[in-house]
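# Per-entry structural report
The primary structure of each chain is shown beneath.
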Amino acid sequence: MTTLSSRACAGMAVLLLPLLSACTADPAAPAAPAATPGPTSAHRLADSKALRLPLDDYLLTTTDAGELARARDSLMRRCLGGLGAPYTPRARENADIETNERRYGLADAEIAKQHGYHVPDMAKTAEDYPSAIMPLVTGEATTHNGVPVPEGGCAGQAQRELHEADLQGALALPQKLNMESYLKSQKAPAVVKATEAWSACMKESGHTYPDPLAAINDKEFSSATAGTHEKEVALADVLCKQKVNLVGIWSDAEGEYQRFAIETNKSVLAEPLAAKQKTMAAAKAAAAQ
């Protein structure tokens, strides 16, 4: 089976989510033990949209990221107004892709039919501030209308109020454990067996891939939009996942690894949990003002 690759990471690139962060994270933190937790009987799970994993409590989920972005916008608005340069960023919503929705590849038949493996267009990009006020955003200007600009600009002040620097440092360990659980669960006997069954199902449909990541990362599907063949393969992929219960089996196996890692690293995971709670409390307070 292949490891997590560029398309799998890129599929989450719009979110600033835990798995994406783990794609590049290499923190100097204690790793989860190599011991393998015992097998469990997998539940059936046809769609991973609402899937939650144990380590989600220690990471920024899609919902958390949306709340944090809206709080940042609120703080930016107040800061710029205080400098005499009022600006209101566009209203934000949570991203359409949920935290673990594509963790095991595409699992939504309707998206497969309409978009293949491509991520549906989302008009929820980061706010671009007008060039005239960018020096106030970044801190390139030191004063405006006789009022001192905060260190690092309004963006720097917002990050400090939300304790974001502390949060990013604290997230290093759960991000590492998050990636390790993915890679370990990928090699779990039950997951290997289910993947082989998925591959056989795909072959019956006329598509030859060793595992779902090979399909979603097929270079043939790298064009700007999905073609008919990509949609056919993507739909067969999802239906085969459902047939062999790949998402249920894989998520159950990974959930066991994550619970094992949390129990083993309980004392050191207290810091990232507290840091997340502190940031999210600050975000809720900022958004309410």
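So, here is what we can say about the structure in this document. Everything quoted here is computed from the prediction, not taken from an experiment.

So, about the state of the cysteines. Counted under the stated rule, the structure contains 2 disulfides. Here Cys 79 connects covalently by a disulfide to Cys 154, the sulfurs 2.0 Å from one another. The chirality of the disulfide connecting Cys 79 with Cys 154 is left-handed, given an S-S dihedral of about -75 degrees. You can see Cys 79 sitting in helix H3 (residues 62-82) and its partner Cys 154 sitting in helix H6 (residues 153-161), a full 75 residues away along the chain. You can call Cys 79 buried: its relative accessible area is 9%. Here Cys 201 connects covalently by a disulfide to Cys 240, the sulfurs 2.1 Å from one another. Every disulfide takes its handedness from the sign of the S-S torsion; for Cys 201 and Cys 240 that torsion is -80 degrees, giving left-handed. In this pair, Cys 201 is assigned in helix H9 (residues 189-204) and Cys 240 in helix H11 (residues 228-244), connecting sequence segments 39 residues apart. For Cys 201, a relative accessible area of 9% translates into the label buried.

Right, let's get into the packing of H9 against H11. Two quantities define a packed helix pair, namely the angle between the axes and the distance from one axis to the other. Relative to each other, H9 and H11 sit at 135 degrees, their axes nearing to 9 Å. As the angle between them shows, H9 and H11 are arranged oblique. Seen from above, H9 lies across H11 with right-handed handedness. For the pair H9 and H11, the contacting residues are Ala 194, Ala 197, Trp 198, Cys 201, Met 202 and Glu 204 in the first and Val 233, Ala 236, Asp 237, Cys 240, Lys 241, Lys 243 and Val 244 in the second.

This part covers the pattern of salt bridges. Pairs can form between side chains of opposite charge whenever their charged atoms are close. Following the criterion strictly, the structure yields 12 salt bridges and no others. Across the salt bridge formed by Lys 276 and Asp 64, the nearest N and O atoms sit 2.8 Å from each other. Of the two residues, Lys 276 is situated in helix H13 (residues 266-288) and Asp 64 in helix H3; the sequence distance between them amounts to 212 residues. Residue classification places Lys 276 among the buried positions, given a relative accessible area of 10%. For Lys 284, the salt bridge is made with Glu 67, and the minimal N-O distance between the two is 3.3 Å. Note that Lys 284 is positioned in helix H13 and Glu 67 in helix H3, a separation of 217 residues in sequence.

Before going further, it helps to examine the packing of aromatic side chains. According to the stated counting rule, one finds 5 aromatic pairs in the structure shown. Ring geometry for Tyr 182 and Trp 250: centres 5.5 Å apart, planes at 35 degrees, overall tilted. Here Tyr 182 is found in helix H8 (residues 172-186), whereas its partner Trp 250 is found in helix H12 (residues 246-264), with 68 residues between them in sequence. Side by side, Tyr 182 and Trp 250 carry an identical accessibility label, which is buried.

The next point concerns the packing of H3 against H6. At a minimum axis distance of 9 Å, the contact between H3 and H6 shows a crossing angle of 130 degrees. Put simply, H3 runs oblique to H6. Seen from above, H3 lies across H6 with right-handed handedness. On H6, the residues that touch Arg 72, Leu 75, Met 76, Arg 78, Cys 79 and Leu 80 of H3 are Cys 154, Ala 155, Gln 157, Ala 158 and Glu 161. Residues that form the contact of H3 with H6 fall into these classes: 7 nonpolar, 1 polar and 3 charged.

Over its 21 residues, H3 extends 30 Å from the first C-alpha to the last, a length consistent with the 30 Å expected when each residue adds 1.5 Å. Within two residues after H3, Gly 84 carries a phi angle of roughly 80 degrees, on the positive side.

What counts and how
- Residues numbered from 1 in each chain as written.
- Predicted model: local features only at pLDDT ≥ 70, side-chain atom pairs only at ≥ 80, totals over all residues.
- Heavy atoms only, no water.
- Disulfide = S-S within 2.5 Å.
- Helix = DSSP H or I, 4+ residues; strand = E, 2+ residues; numbered from the N terminus.
- Buried < 20%, exposed > 50% of the residue type's maximum accessible area, 1.4 Å probe, protein only.
- Axes fitted to C-alpha atoms, helices over the stretch in contact; angles between N-to-C directions.
- Parallel < 35°, antiparallel > 145°, perpendicular 65-115°, else oblique.
- Left-handed = near helix turned anticlockwise from the far one by under 90°.
- Contact = heavy atoms within 4.5 Å.
- Salt bridge = Lys/Arg side-chain N within 4 Å of Asp/Glu carboxyl O.
- Phe/Tyr/Trp six-rings, centres within 6.5 Å; stacked < 30°, edge-to-face > 60°.
- Nonpolar A, V, L, I, M, F, W, Y, C, P; charged D, E, K, R; others polar.
- Expected span 1.5 Å × (residues − 1).

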